[in-house]
Amino acid sequence: MAEHPTYLWWKGDLVRWEDATVHVTDLAWSAVGGVFEGIRAYWNEEQEELNVFRLREHMQRLKDSSRMVRLPIEQDVDDLVQITLDLLKANDTREDTYIFPFVYNGGAARFDPRQMRGTLMVRTNPQPTHLCTGHTTRAKVSSWTRISDNVLPPRVKNISNYRNGHLALHEVKLDGYDVALLLNPQGKLAEAPGACVMLIKNGKLITPDTASGILESITRDALMTLARERGLEVVERTVDRTELYTADEVFLCGTAFEITPIVEVDHYAVADGKTGPHTLALEEKLLGVMRGTDKDHPEWRTPVGVARRAATGSA
Ligand code: PMP
């Protein structure tokens, strides 16, 4: 496997990876207002095709984030989708992959929004799935509070927001845990650094609502749909910390975390300390749907077209 793909997309073009450099003096404040997305594409061996999961929804959220931080980009959602597909094709990507579009201020000023100009970079890297591998995690509620809508809005994927998650994650890692859970200023459950949280209790899937201080996660949305289709009642509401201690199942969800079962919170085993049956079933369903081995929800998959390329033999 190559260390990195041949190309990334930057400033309006496919650029060879090693040529995408900036001067050291451009660093420091440059990323503070930047916004990004994390997207995954899954390789389907049988079809010899790469399927990007919910690409349009991610690009729409990138547009929303860029609007929110006043970094307008010239590309519309269709352009952003096409750029991503072109990049994956140019790199002949044939493995599970993470896609990172990033918009930063390429304009002169950072204090006057009228002079700010969004510059787009898109890079990819191989990232195998951990779904259905038995992967589990141990969580601790952090002593740090989640940022809130009128402090640094968690609804947008602004780079600065992630400092809050880092503080929490560093704390719990030093305390011997794997992942942090954050409460909002009202003391209710918000989310984890990089993932939303879901609980199963008495056949209901319960998750903090979108006003609890969370990113409106695209995986969360997909899982609420898949859970309903499985016959689970889905409840979005404020969630107390102690509900974590009595839940039947708890898991994280997000593009990077996919579904990550939590088997222990604050030294309380979740149920019997093993991944629960609904979580296991949702893992299998989600992976099938994302890869396209399960034909449900074709509207969530954008095929890159590497299969067609191979069939025609064109470069
Ligand atoms: N919350 C935060 C803070 C995140 O960074 C992410 C990852 N994007 C998520 C939740 C999950 O969102 P999604 O399912 O859209 O990746």
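Let me sum up the structure you'll find in this document. Please read these numbers as outputs of a predicted model, since none were measured by experiment. (Residues numbered from 1 in each chain as written. Predicted model: local features only at pLDDT ≥ 70, side-chain atom pairs only at ≥ 80, totals over all residues. Heavy atoms only, no water.)

### Topic: the overall build of the protein
Link 1 in the chain: When helices and strands are tallied, the protein shows seven helices and 16 strands.
Link 2 in the chain: On C-alpha atoms alone, the protein measures out to a radius of gyration of 20 Å, which is about the 20 Å that the 2.2 N^0.38 rule sets for 315 residues.
Link 3 in the chain: Projected onto its principal axes, the C-alpha positions of the protein cover 55 × 50 × 30 Å.
Link 4 in the chain: In the protein, which comprises 315 residues, the proportion classed as buried is 52%.
Link 5 in the chain: Here the protein has roughly 14,900 Å² of accessible surface; of this, 51% comes from carbon and sulfur atoms.
Link 6 in the chain: Here the protein carries 37 positive and 45 negative side-chain charges, and the mean point of each set is 3 Å from the other. (Helix = DSSP H or I, 4+ residues; strand = E, 2+ residues; numbered from the N terminus. Rg over C-alpha atoms; globule rule 2.2 N^0.38 Å. Buried < 20%, exposed > 50% of the residue type's maximum accessible area, 1.4 Å probe, protein only. Areas by Shrake-Rupley, 256 points an atom, 1.4 Å probe, with all protein chains shown as cover. Lys, Arg positive; Asp, Glu negative; His and termini not counted. Charge placed at Lys NZ, Arg CZ, Asp CG, Glu CD.)

### Some points on the site of the ligand
Link 1 in the chain: Close contacts around the ligand come from 15 residues, with Tyr 162, Glu 191, Ser 217, Thr 219 and Thr 255 the closest.
Link 2 in the chain: The side chain of Thr 219 places a nitrogen or oxygen atom 2.5 Å from an oxygen atom of the ligand.
Link 3 in the chain: Here the ligand, which alone exposes 380 Å², has 96% of that area covered by the protein.
Link 4 in the chain: Cavity membership is defined here by more than half of the atoms lying within 2 Å of grid points; on that basis the ligand lies in the second largest pocket. (Near = heavy atom within 4 Å. Polar contact = N/O pair within 3.5 Å; in protein donor to acceptor, adjacent residues only side chain to side chain. 1 Å grid on protein atoms, 1.4 Å probe; cavity = no way out; pocket = protein on both sides within 12 Å on 5 of 7 lines; lining within 4 Å. Sits in = over half its atoms within 2 Å of the grid points.)

### Let's talk about the pairing of strand S8 (residues 137–145)
Link 1 in the chain: Where S8 meets strand S14 (residues 258–265), three bridges bridge the pair, whose relative direction is parallel. In the sheet register, Thr 137 faces S14, and the bridge partner there is Ile 262.
Link 2 in the chain: Relative to strand S9 (residues 179–183), S8 is paired through four bridges, and the arrangement is parallel. Looking at the pairing, Val 141 lines up with Leu 181 of S9.
Link 3 in the chain: In this fold, the crossover linking S8 to S9 by way of helix H3 (residues 162–174) has right-handed handedness. (Pairing = 2+ DSSP bridges. Right-handed = clockwise from strand over helix to strand, strands pointing away.)

### Topic: the side chain of Gln 75
Link 1 in the chain: The topology assignment puts Gln 75 in the loop between helix H1 (55–68) and helix H2 (77–90).
Link 2 in the chain: Contact partners of Gln 75, with chain neighbours within four places excluded, come to Trp 9, Lys 63, Leu 80, Ile 83 and Leu 120. (Contact = heavy atoms within 4.5 Å.)

### Quick word on a nonpolar patch on the surface
Link 1 in the chain: A cluster of nonpolar side chains, contributed by Val 22, Val 24 and Leu 27, occupies part of the molecular surface with about 290 Å² of accessible area.
Link 2 in the chain: With respect to the helices and strands, the residue Leu 27 is situated in the loop between strand S2 (13–16) and strand S3 (35–36). (Patch = residues over 30% accessible without salt bridge, like charges linked within 9 Å, V, L, I, M, F, W, Y side chains within 5 Å. Salt bridge = Lys/Arg side-chain N within 4 Å of Asp/Glu carboxyl O.)

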